[in-house]
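These are the residues of each chain, in order.
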Amino acid sequence: MAPTDETDQVTEQASPFGTTPPNRPPAAGAAGPNARMPHWLPRAMVLALALIAVFQLGSWAFHQLTSLLINILIAFFLALAIEPAVSWMASRGLRRGLATALVFLGVMIVAAGFVTLLGSMLAGQIIKIVEDFPEYLDSVINWINTHFNTELKRVDVQEGLLRSDWLRNYVQNSATGVLDVSAQVLGGLFQLLTILLFSFYFAADGPRLRRALCSVLPPAKQAEVLRAWEIAVNKTGGYIYSRGLMALISGVAHYILLEALSVPYAPVLAVWVGAVSQFIPTIGTYLAGALPMLIAFTVNPWYALWVLIFVVVYQQFENYVLQPKLTSKTVDIHPAVAFGSVIAGTALLGAVGALIAIPAIATLQAFLGAYVKRYAVTDDPRVHGHRRRGAEDSPFRRLRALWTRRPGAEDSGDRSS
C-alpha cells in the first residue's frame, strides 16, 4: 500500500451538523469580514435620494404656484365660455384677436355697469339708514321705556356709545386693518388682470394652441384630444349662455314683482337676483332673494313676505319647467349631481371650484358617455316603479274589491247553485 502525502490528506472537522472541510470558500451571498457590497447598491441609493429630492422640489414648487395654476384654470374655462362667440365672429371675417377683444369689451362693460348700479344702490341705502338712525333709535328707546318703566334718553345712549371701550377698540382695529384691505384689493386686481390676460391668449390663439398640442401626439390621440376640446367648449359655452338666459328671465320676473310692490331700486335688485340665482345653483335663488326681502321689509314688513313667497314659487317653476327645457341640450346633468359637484368644487378650490364645477362635470360626463356601452332596459316593473297591468293584485286592490262587492251577491250565487 503506497504511502499518502500529508498535503493530499483532507482532514475533516466535526460539527453538530456534519463534517465540513476547513479550507472550503464561503458560500455565495454569505456575510463575512471580507464581503463586499453589491455593485448595484450605491447606484440604487443615489437614485432613491434623487427621486426623493425631485419629489420634495416638485411639491414645494406646486404649493408656491397654486394661485397661478388656479388663475390659469379660471382663464381656461373663461376662454372656453367665450370660444363660440369668438369663433362665430371669426367665421364672419374678423381676426380672432379683434373678435376676442370685442367680446371682452362687452363683458367688461356689462360687469362695470352692474357693479356701478349695485354700488349706488348700497350707498343710497347706507345713507338712508344713517339719516333715519335717530328715528329708529328713538322708537327703540320709547319701546324700552314703555315696557320696562325706564327713563332712557337718546343723548345718554349716544354718549355712552361714543365713550365705550368697544367702539374705541373697533376704530383702532379698523385703522390698523386699512393696509391689509388695501393689499388684498391690489392682490385681487392683479389676479383679475392675470386671468384676463391668460383667457385672452387662450381664446385668441385657440387654434394655434390645439395645433401645438396635437403636434406631439399620434393621429389617434389627436382625434381624442380635439373631441374632448370640442365637448368642453360646447358644454362650457352652453352652460354660460343658458344660465345667462335664465338670469334674464329671472330678473324680468322679479323686476315686475318689485316694481308692483314699489320697492326702491327694483332694476338693480332684479339684476342682482338674476345673476346670483343662476351662477350659484340650487341655493342661489334663496341667497339672492335675501337682499330684496331686506329692502322690501324697510317699505312694509308684509312686502318681505310676498317676496319670499314669490322666490319659493319661482324656484320650483325654474327647477321643473324652465331649466329642463333650456339645459336639455347643453348641460344635461341631474340637479343632485350639480349640487354635489358644487359642494365638491367648493371644498377643493373654494369659490372658483363652485363656478367651474358644473361645466367640468358636464364635460366629463359627455366625454365618458361615448365610451360607456349602453343596453336596452328590461321591461321589469321594478324599473318603472309600479306594477304592470295584469300583474298580481296588491292587498289594497283586493281590499277595495271586497269593499265594492255588491251585498248579497254570494247568497244569490249559493241559492242558484
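The numbering scheme is per chain: residues are counted from 1 as the chain's sequence reads. Since the coordinates come from a predicted model, pLDDT governs what is reported: local features require at least 70, and pairs of side-chain atoms require 80 or more to be given and counted, while whole-chain, interface and lining totals use all residues. Working from all heavy atoms in the structure, the side-chain values ignore hydrogens and water.

1. Considering the environment of G237
Item 1. As for its position among the elements, G237 is in helix α8 (residues 219-260).
Item 2. Residue exposure (1.4 Å probe, protein chains only): buried if accessible area is under 20% of the type maximum, exposed if over 50%, otherwise partly exposed. Given the relative accessible area of 1%, G237 is considered buried.
Item 3. Residue contacts follow a heavy-atom distance rule, with two residues in contact if any of their heavy atoms lie within 4.5 Å. With sequence-adjacent residues up to four places away left out, G237 is seen in contact with L80, A81 and P84. Helix and strand definitions follow DSSP, with helices as H or I runs of at least four residues and strands as E runs of at least two, each counted in order from the N terminus.

2. Brief notes about the side chain of R210
Item 1. When you line up the elements, R210 lands in helix α7 (residues 206-214).
Item 2. For R210, the residues in contact, after removing those within four places along its chain, are E83, L226 and W229.

3. Here we look at the environment of S120
Item 1. Inspection of the secondary structure puts S120 in helix α3 (residues 96-148).
Item 2. When the C-alpha positions of S120 and V268 are compared, they lie 9.4 Å apart, and in sequence the two are 148 residues distant.

4. Looking at the side chain of R96
Item 1. Within the fold, R96 resides in helix α3.
Item 2. Among the polar contacts listed, one links the side chain of R96 to the backbone oxygen of A203, at a separation of 2.8 Å.
Item 3. Those residues in contact with R96 that sit more than four places away from it in its chain are E83, V86, S87, A90, A203, A204, G206 and P207. For this analysis, a polar contact is any N or O atom pair within 3.5 Å, provided that within protein one partner can donate a hydrogen and the other can accept it, and provided that sequence-adjacent residues contribute only side-chain to side-chain pairs.

5. Quick notes on the environment of L94
Item 1. Mapped onto the secondary structure, L94 falls in the loop between α2 (66-91) and α3.
Item 2. Apart from the residues lying within four places of it in its own chain, the contact partners of L94 are M89 and L102.

6. What about the layout of surface pockets?
Where empty space is left can be seen by rolling a probe of water-molecule size over the atoms.
Item 1. Using a grid of 1 Å spacing that covers the protein atoms alone, one calls a set of points a cavity when a 1.4 Å probe fits there but cannot get out, and a pocket when the set is open and has protein on both sides within 12 Å along at least five of seven lines; lining residues are those with an atom within 4 Å of a point. Grid points are joined across faces, edges and corners, and a volume is the space filled by probe spheres set on the points. Taken as a whole, the largest pocket holds about 2100 Å³ of empty space.
Item 2. Lining the largest pocket are 49 residues; nearest its centre among them are L78, V107, A111, I240 and F279.
Item 3. No other element matches the 12 residues that α3 contributes to the lining of the largest pocket.
Item 4. Ten residues, namely Ala, Val, Leu, Ile, Met, Phe, Trp, Tyr, Cys and Pro, are considered nonpolar, four, namely Asp, Glu, Lys and Arg, are considered charged, and the remaining ones, Gly among them, are considered polar. Class assignment of the residues belonging to the lining of the largest pocket gives a composition of 42 nonpolar, seven polar and no charged.

7. Quick word on the packing of aromatic side chains
Remark: the centre distance and the inter-plane angle together describe each pair of aromatic rings, the angle taken between the planes.
Item 1. Two aromatic rings from Phe, Tyr or Trp, using only the six-membered ring of Trp, form a pair when their centres are within 6.5 Å; if the ring planes differ by under 30 degrees the pair is stacked, by over 60 it is edge-to-face, and anything between is tilted. Counted according to the given criterion, the structure contains eight aromatic pairs.
Item 2. Measuring from ring centre to ring centre gives 5.9 Å for F200 and Y201, while their planes differ by 70 degrees; the resulting arrangement is edge-to-face.
Item 3. With a centroid separation of 6.0 Å and an interplanar angle of 50 degrees, the aromatic rings of Y314 and F317 are classed as tilted. Taken together, the residues span about one helical turn, with Y314 and F317 both in helix α11 (residues 301-327) at a distance of three residues.

Everything listed here is a matter of geometry and, on its own, says nothing about what the molecule does.
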